[in-house]
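Geometric and topological summary
So you can see what is in the structure, the chains are spelled out below.
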2 protein chains.
Amino acid sequence: MRIVGSGLLGTSIGLALREHGVDVILDDISPSGLDLAIDYGAGRRARPGDAPELVIVCVPPDVTARVVAAELAAHPAALVTDVASVKVAPLEELRAAGADLSRYIGSHPMAGRERSGAISARADLFIGRPWVIAGHDDITYRRAAPVEQLALDLGALPIEMDAAEHDRNVALVSHAPQLVSTLLARRLGGATDSAVSLAGQGLRDTTRIASSDPELWVQILGANAAPVVEILRALRDDLDDVLGALENPTAPGARRTIAETLAGGNAGVARIPGKHGQASHFSQIVVKVDDTPGELARLLTEIGEAGVNMEDLRLEHSPGAQIGLAEISVLPEVEERLARELEGRGWKIVGAFA
Amino acid sequence: MRIVGSGLLGTSIGLALREHGVDVILDDISPSGLDLAIDYGAGRRARPGDAPELVIVCVPPDVTARVVAAELAAHPAALVTDVASVKVAPLEELRAAGADLSRYIGSHPMAGRERSGAISARADLFIGRPWVIAGHDDITYRRAAPVEQLALDLGALPIEMDAAEHDRNVALVSHAPQLVSTLLARRLGGATDSAVSLAGQGLRDTTRIASSDPELWVQILGANAAPVVEILRALRDDLDDVLGALENPTAPGARRTIAETLAGGNAGVARIPGKHGQASHFSQIVVKVDDTPGELARLLTEIGEAGVNMEDLRLEHSPGAQIGLAEISVLPEVEERLARELEGRGWKIVGAFA
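Residues numbered from 1 in each chain as written. Chains lettered and ligands numbered in written order. Predicted model: local features only at pLDDT ≥ 70, side-chain atom pairs only at ≥ 80, totals over all residues.

When you go through chain A residue by residue, the secondary structure sums to 13 helices and twelve strands. Its C-alpha atoms put chain A at 65 × 60 × 40 Å along the principal axes. Going through the 354 residues of chain A one by one, you find that 51% of them count as buried. Pairs at least 24 apart in sequence give 68% of the contacts found in chain A among residues at least 6 apart. (Helix = DSSP H or I, 4+ residues; strand = E, 2+ residues; numbered from the N terminus. Buried ≥ 20, exposed ≤ 12 C-beta atoms within 10 Å, placed from the backbone. Contact = placed C-beta atoms within 7 Å.)

Take a look at the structure:
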């Protein structure tokens, strides 16, 4: 197996394959980047006579097609894939360059972090994540199979989706959200200390991904511009409607415009599947937890002792406070029993919700 | 103490005051709403001869001034406050109506939930949260003191801020983020199953607050329209710049525009203070945790046994996966020791970051 590019994804794939005992050849145009990934144990340097059967190109979107073409030429028997966040642009570039598409199939593991580089890599990055395989008509099912197997070996869930559909989908669930979070966070640039002192969890959540790497995202957004523009134009139309309503909030219809926008947001959120791929339908119990070592552990231990499986856990913190609240998601049928058990053990339940 | 309005905030304040043994008189124009809050133990019904020293008006923003004026008139010796999310509009309405402002001071506890109503109330809602006291020139320091004391009694952190500054600040950290999250979530309304199947944590975080109550938010946004419009107009200008760049991503300067927008987002996020009021400067350790009862509890117990105080905990889930990753924030000086200890106990560390 040969991996070209030792950034977050290349190094993570290398680490995962090494765990499976696969012989991983690593390459990178940056000698120091390559050294670092090898130090982390993600693979070995190329040697004369290496004849990889599968090449995984993990370089920035801008240079993906060029590197794929070079790998197809250098390894005439190998299947080549890439992991770029956009799929139409590299495929078209390769087609235009006359590359052998019977040995290329693009893919995209839906896994990433706000942090980049080999230093942030982890072998478990792909576990349980969708891994899109961007099918096209020039490669046979049989020839493409090793890429699907790679996704499965790394614990990911392979999903077939053509390049155009992939690009439209990620524009909606990843690229547009990235830009919107960025645009919102940007407004904080000139914020007073007094304003940011009032920041709550809502602001933190909406702006978290705005700390992502600008260099990478310039490439992603540039390479998937058309679908992103389509979404952002529709968003701007909605924004203009809301702005119009807010500029004259007592005008007839203004409140209705704002209300319908908000209701549309409610409906949109409901489309997002929860953990385990299903829409969220857990009940929540909110428990007060002192901010002392071991408190949360004791809570979770006692939940385990009650024989209840916790589906999710969210901590709510308050700036300056020494206590927190733990919101525990459980199946609705065990909620009442768990609340009783915890109260019996002296925990303070401050809320319970279906 | 008299509380008018038995929604989320009124009931939560009632519950907290009852814990302190305070005699709480509850009132609500909805008899069934009032019954529910009394059932929850948030206070008692009004009786002839009640003479409250402090009245807390916890009704929707639209009717806040009217109810405050009625309470000022009905209880001529009482100090009256309110907890509405906007502060200029009620103050101006009261001033215009000739209300006795020497006995009124608005306030705003920065605490809330996506869920509303007495059913979501909790006595701990205010602990550690900022509680803005909107000072004005018609009330003496001494006369206003009980409102500050109320905030302190409920565990909140009182912050003095005049009404206009408050409204500008919450427009930035709360109202604009609410609308932006809504506008983004709205785009998911027509999303295909194939698209939402690719949703990750970024989309979940950016759209979480979009599930908030439209009826309440129409009032908040309507009552704080001007500062929200100012922020959203600036955001729209940035959006237009990015759209212009994305419509022709290879034009000179286009990539620079996108990069500078993204970098501006990075800078904005950095302005948000972390837990305990300081900018976040913890280190993170990411540990693999099987999705079986007791696993996470065991991890936290062993962190406690290592004598390390966990500053924050974030769980990462993957749709369809049966394992998760726990991202543990600790002080940088203990990170290395904790990672060693956990590995020694057989935990799989999949990442460690400064």
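Let us now look at the relation of the copies chain B and chain A. Note on the identical chains: chain B maps onto chain A by a rotation of 180° and an axial translation of 0.0 Å, with an RMSD of 0.1 Å. Taken together, the rotation and translation relating the two chain copies correspond to the operation of a two-fold axis. No C-alpha of chain B approaches the rotation axis more nearly than that of threonine 206 of chain B, which lies at 2.0 Å. Both copies share a contact surface, since 100% of the interface residues of chain B are interface residues in chain A too. (Least-squares fit on C-alpha atoms with pLDDT ≥ 70 in both.)

Residues and elements named next belong to chain A. In contact at an axis separation of 9 Å, helix H6 (residues 163-186) and helix H10 (residues 225-247) are set at 60° when each is read in the N-to-C sense. Our classification of the angle between H6 and H10 gives oblique. Remark: the crossing between H6 and H10 carries right-handed chirality. When H6 is examined against H10, the residues Asp167, Arg168, Ala171, Leu172, His175, Ala176 and Leu179 are found in contact with a partner set consisting of Pro227, Val228, Ile231 and Leu232. Taken together, the residues that form the contact of H6 with H10 break down as eight nonpolar, one polar and two charged. (Axes fitted to C-alpha atoms, helices over the stretch in contact; angles between N-to-C directions. Parallel < 35°, antiparallel > 145°, perpendicular 65-115°, else oblique. Left-handed = near helix turned anticlockwise from the far one by under 90°. Nonpolar A, V, L, I, M, F, W, Y, C, P; charged D, E, K, R; others polar.)

Between H6 of chain A and helix H11 (residues 254-269) of chain B, whose axes approach to 7 Å, the crossing angle comes to 60°. One way to sum up the angle between H6 of chain A and H11 of chain B is to call them oblique. The hand of the H6 of chain A/H11 of chain B crossing is left-handed. The segment H6 of chain A lies against H11 of chain B, with Ser181, Thr182, Ala185 and Arg186 of chain A engaging Thr261, Leu262, Gly264, Gly265, Gly268 and Val269 of chain B. Here the residues of the contact of H6 of chain A with H11 of chain B are counted per class, giving three nonpolar, six polar and one charged.

Take the domain arrangement of chain A next. How big an interface is tends to be stated in terms of the accessible area lost upon association of its parts. By domain assignment, chain A separates into domain 1 (2-162), domain 2 (168-270) and domain 3 (277-353). Taking the mean C-alpha position of each, domain 2 of chain A and domain 3 of chain A sit 32 Å from one another. (Domains from an automatic or database assignment.)

The next thing to look at is the interface of chain B and chain A. Counting residues at the interface gives 112 residues for chain B, matched by 112 residues for chain A. Take the side of chain B that touches chain A: its biggest share by element is 16 residues, from helix H6 (residues 163-186) of chain B. A per-class count over the side of chain B that touches chain A returns 63 nonpolar, 30 polar and 19 charged.

Glancing now at the confidence of the model for chain A. Residue and element names in this part refer to chain A. Of the residues in chain A, 93% have a pLDDT of 70 or more, and the chain-wide mean is 90. Scored below 50 in pLDDT, residues 275-279 makes eleven contacts in the model with residues more than four places away or belonging to other chains. Across the whole predicted complex the pTM is 0.81, and at the interface the ipTM reaches 0.80. (pLDDT = per-residue confidence, 0-100.)

Attention now goes to the pairing of strand S4 (residues 54-57) of chain A. All names here are of chain A. Bridging between strand S1 (residues 2-4) and S4 involves three bridges; their strand directions are parallel. By the bridge assignment, valine 4 is partnered in S4 with valine 57. With four bridges joining them, S4 and strand S5 (residues 79-82) adopt parallel strand pairing. Of the residues in S5, the one forming a bridge with valine 55 is valine 80. Once the chain exits S4 it traverses helix H3 (residues 61-74) before rejoining the sheet at S5, and the crossover so formed is right-handed. (Pairing = 2+ DSSP bridges. Right-handed = clockwise from strand over helix to strand, strands pointing away.)

Residue and element names in this part refer to chain B. Reading across the sheet, the three strands line up as S6-S7-S8 and stay open at both edges, with mixed pairing between neighbours. Both outer strands of the open sheet, strand S6 (106-109) and strand S8 (157-160), are each paired with one neighbouring strand and no more. Recorded for the sheet is a direction-independent mean angle of 25° between the axes of neighbouring strands. Relative to S8, strand S7 (residues 130-134) runs parallel, the two sharing four bridges.

Let us look at the pairing of strand S7 (residues 130-134) of chain A. Residues and elements named next belong to chain A. Judged by how many residues are buried, S7 sits mostly within the fold: five of five residues are covered. Residues Pro130, Val132 and Ala134 of S7 are buried on one face, and the alternating residues Trp131 and Ile133, pointing to the opposite face, are buried as well. With four bridges joining them, strand S6 (residues 106-109) and S7 adopt antiparallel strand pairing. Its bridge partner lying in S7, proline 109 is registered against tryptophan 131. Remark: the S7/helix H5 (residues 141-153)/strand S8 (residues 157-160) crossover connection has right-handed handedness.

Along the polypeptide, alanine 123 of chain A turns up in the loop between S6 and S7. You can call alanine 123 of chain A buried: it has 24 C-beta atoms within 10 Å. Placed 107 residues apart in sequence, alanine 123 of chain A and alanine 16 of chain A show a C-alpha to C-alpha distance of 4.3 Å. What alanine 123 of chain A contacts, discounting residues up to four positions off in sequence, is Ser12, Leu15, Ala16 and Glu19 of chain A together with Val350 of chain B.

All names here are of chain A. Taken together, three strands build an open sheet; the order of strands is S6-S7-S8 and the sheet is mixed. With partners counted over all chains shown, the strands left at the sheet margins are S6 and S8, one partner each. Sheet twist, expressed as the mean angle between neighbouring strand axes with direction ignored, is 25°.

Residues and elements named next belong to chain A. For H3, with 14 residues, the first-to-last C-alpha span of 20 Å sits near the 20 Å given by 1.5 Å per residue. Listed as buried for H3 are Pro61, Thr64, Ala65, Val67, Val68, Ala69, Glu71 and Leu72. The inward-facing, buried residues of H3 abut S1, S4, S5, helix H4 (88-96) and helix H9 (214-223). (Expected span 1.5 Å × (residues − 1).)

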